[in-house]
Amino acid sequence: MLLTISIALNLILLYMLFGKDNPKLSIKEDGQEHPFLSKRIFTEDQNEYIINLNPLRKALRAYVQNSGKKIQLYFEYLPSGSSIGINHQEDFVAASLFKVPVAMAVMKQISEGKLNENRILTVEEKHIDNRFGTLWKKGPGTKITVSEAIKASLMQSDNTAANLLQDSIPPSSLADVFQSLDFPSISENEAQTYVSVKNYSSIFRSLYLSSYLSRQSSNEILNILTQTIFNDKIAALPTKDIKVAHKIGVLNSVNSNETIYTDCGIVYVPNRPYILCVFAKESEEKAGEHMRFISNLAYSYMIAVK
């Protein structure tokens, strides 16, 4: 009951602070070749929007505190780099979040001419993993292209497709991705790679700024991530006009048997894009509720603040 009251009060506070006339926003179709990348990498004369995040910071902290500190989140306003971090230092086993770095390593191999996106990969028994995705149902001997495996891995979080992709590249290529990011513990094995909610945001920042991959490859991965089938968490916004490039995951705590549900990505509010990563130590249903509320709170603030 107290949590419900707190949620209502926070929403009322934001409504009073920033007014009721929220503009209807949509992705600007401006014909740019790489619409999912940062505008500042194309020009030096960028109009940087400086906004006050303190009211949003206070509302998010109040919500997390009322949740019993079972939530970790990291928010970053991309035009300025201003951020909000709450319980964001705890490490977790990377698990499903490993798939985006794998895709980045594969795309790097493709761009360097070391791997063809149309190369046929064959599923073997060692690749089969039935925890996420449907490729495993087709069994050993199934053939799929590298390009198709990337899409299955990112859009469906398909573990079998991700295993195929990782097997198609040198182990050192994945380590190279991690070395370019804000990861304190680097391993070729997802079970030994740890990540915090803030660390993981560096993957999306790298793609957004095209700091590791080429513009074409970065934009392609982000575009695929806007088409994921898992849109019931941070992508569950009041409007379908806003693109969200994101990746869900299920993690394990390093020091306990707790399961952590995650969603992390970029919300492309026109002129006000931001990274939002939320980890929740709850049941899947409750974690989804937390993520939807936090995402809607952030979105409402970003379209309303003057």
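Here we summarise the structure given alongside this text. For every chain, the first residue of its written sequence is number 1, and the numbers climb from 1 along that sequence. Local features in a predicted model are, by the rule used here, given only for residues with pLDDT of at least 70; side-chain atom pairs are given and counted only at 80 or more, and totals for whole chains, interfaces and linings are based on all residues. Excluded from the side-chain calculations are hydrogens and water; all other atoms, namely the structure's heavy atoms, are used.

With that settled, consider the nonpolar core. Within the largest apolar cluster, 55 residues are counted, with the highest numbers of intra-cluster contacts made by Met104, Ile150, Ile221 and Leu222. Contacts between residues were defined by any pair of non-hydrogen atoms, one from each residue, lying within 4.5 Å. With sequence-adjacent residues up to four places away left out, Leu222 is seen in contact with Phe36, Leu37, Phe204, Leu207, Tyr208, Ala245, Ile266 and Tyr268. For our purposes a nonpolar core is just a set of buried Ala, Val, Leu, Ile, Met, Phe, Trp, Tyr and Cys residues, chained together by side-chain atoms within 4.5 Å. Buried means the residue's accessible area, taken with a 1.4 Å probe over protein chains only, is under 20% of the maximum for its type, while exposed means over 50%, and partly exposed covers the values in between. Core analysis: the next-biggest nonpolar cluster, separate from the first, contains 36 residues, Leu56, Ala235, Leu237 and Ala280 among them.

So, about the pairing of strand β1 (residues 71-77). Helix numbers and strand numbers start at the N terminus; a helix is a DSSP run of H or I with at least 4 residues, a strand a run of E with at least 2. With seven of its seven residues buried, β1 lies for the most part within the structure. A pair of strands is considered paired only if DSSP assigns at least 2 bridges between the two. Note that β1 and strand β9 (residues 274-280) share seven bridges and pair antiparallel. The residue bridging Tyr77 from the neighbouring strand is Tyr274, located in β9. Pairing between β1 and strand β2 (residues 82-86): five bridges, direction antiparallel. Across the sheet, residue Glu76 finds its bridge partner in β2, namely Ser83. Hairpin connection, β1 to β2: the antiparallel pair is bridged by four residues, and Gly81 has positive phi, about 85°.

Note on disulfides: each one is a pair of cysteine sulfur atoms within 2.5 Å. In this structure the tally under the stated criterion is one disulfide. Here Cys264 connects covalently by a disulfide to Cys277, the sulfurs 1.8 Å from one another. Separated by 13 residues along the polypeptide, Cys264 in strand β8 (residues 259-267) and Cys277 in strand β9 bring together distant segments of the chain. For the pair shown, Cys264 and Cys277 are each scored as buried.

Turning to helix α5 (residues 159-167), its buried residues are Asn159, Thr160, Ala161, Ala162, Leu164 and Leu165. Polar contacts, as counted here, are pairs of nitrogen or oxygen atoms within 3.5 Å of one another; within protein the pair requires one atom able to donate a hydrogen and one able to accept it, and residues that are adjacent in sequence qualify only if both atoms are side-chain atoms. Backbone nitrogen of Thr160 and a side-chain oxygen of the N-cap are separated by 3.0 Å at the start of α5; the cap is Asp158.

In this section: the environment of Ser147. Structurally, Ser147 can be placed in helix α4 (residues 146-155). For the pair Ser147 and Leu121, spaced 26 residues apart in sequence, the C-alpha to C-alpha distance is 10.0 Å.

Our next topic: unusual backbone geometry. The phi angle at Asn87 is positive, at roughly 50°, despite the residue not being glycine. With a phi angle near 70°, Asn271 is a residue other than glycine that sits in the positive phi range. Relative to the helices and strands, Asn271 resides in the loop between β8 and β9. Classification of Asn271 as exposed rests on a relative accessible area of 52%.

The next thing to look at is the pattern of salt bridges. A side-chain nitrogen of Lys or Arg and a carboxyl oxygen of Asp or Glu constitute a salt bridge if their distance falls within 4 Å. The final tally for this structure, using the stated rule, is six salt bridges. Where Glu112 meets Lys114, a salt bridge forms, and the shortest distance between an N and an O atom there is 3.2 Å. When the shortest N-O distance is used, the salt bridge between Arg131 and Asp129 registers 2.5 Å. Arg131 gets classed as exposed once you look at its relative accessible area, which sits at 58%.

Relative to each other, helix α7 (residues 197-209) and helix α8 (residues 215-225) sit at 125°, their axes nearing to 8 Å. Compared by their axis directions, α7 and α8 come out oblique. Where α7 crosses over α8, the two elements pack in a sense that is left-handed. Here α7 contributes Phe204, Leu207 and Tyr208 to the contact with α8, which in turn contributes Ser218, Ile221, Leu222 and Leu225. Under the convention adopted here, Pro, Cys and the residues Ala, Val, Leu, Ile, Met, Phe, Trp and Tyr are nonpolar, Asp, Glu, Lys and Arg are charged, and Gly plus all remaining residues are polar. Split into classes, the residues belonging to the contact of α7 with α8 amount to six nonpolar, one polar and no charged. Here an angle of 0 to 180 degrees is reported between the N-to-C directions of two axes, which are lines fitted to C-alpha atoms, with helices fitted over the stretch in contact. Angles below 35 degrees are treated as roughly parallel, those above 145 as roughly antiparallel, those between 65 and 115 as roughly perpendicular, and all remaining angles as oblique. Less than a right angle of anticlockwise turn of the near helix away from the far helix marks a crossing as left-handed, whereas a clockwise turn marks it as right-handed.

Our focus in this paragraph is the side chain of Thr228. As for its placement among the helices and strands, Thr228 is situated in the loop between α8 and β7 (244-253). Here the side chain of Thr228 touches Met155 through a polar contact of 3.1 Å, landing on its backbone oxygen. Within polar-contact distance, the side chain of Thr228 engages the backbone nitrogen of Phe230 at 3.2 Å. When near neighbours in sequence (up to four residues on either side) are disregarded, Thr228 contacts Leu154, Met155 and His246.

A few words now on the packing of aromatic side chains. In this analysis, rings of Phe, Tyr and Trp, with Trp reduced to its six-membered ring, are considered paired at centre separations within 6.5 Å, and the interplanar angle assigns stacked below 30 degrees, edge-to-face beyond 60, and tilted for intermediate values. With the rule as written, the count across this model stands at seven aromatic pairs. Ring geometry for Phe132 and Phe230: centres 6.2 Å apart, planes at 80°, overall edge-to-face. Here Phe230 lies in the loop between α8 and β7 and Phe132 lies in the loop between β4 (120-122) and β5 (143-145), a separation of 98 residues in the sequence. An aromatic cluster is present here, built from Phe36, Tyr208 and Tyr268 joined pairwise through their rings.

Turning to the packing of α4 against α5, a few remarks are in order. At a minimum axis separation of 8 Å, α4 and α5 run at an interaxial angle of 135°. Between α4 and α5, the angle falls in the class oblique. Read as a crossing pair, α4 and α5 show a hand that is left-handed. Two secondary-structure elements touch here, α4 through Val146, Ala149, Ile150, Ala152 and Ser153 and α5 through Ala161, Ala162 and Leu165.

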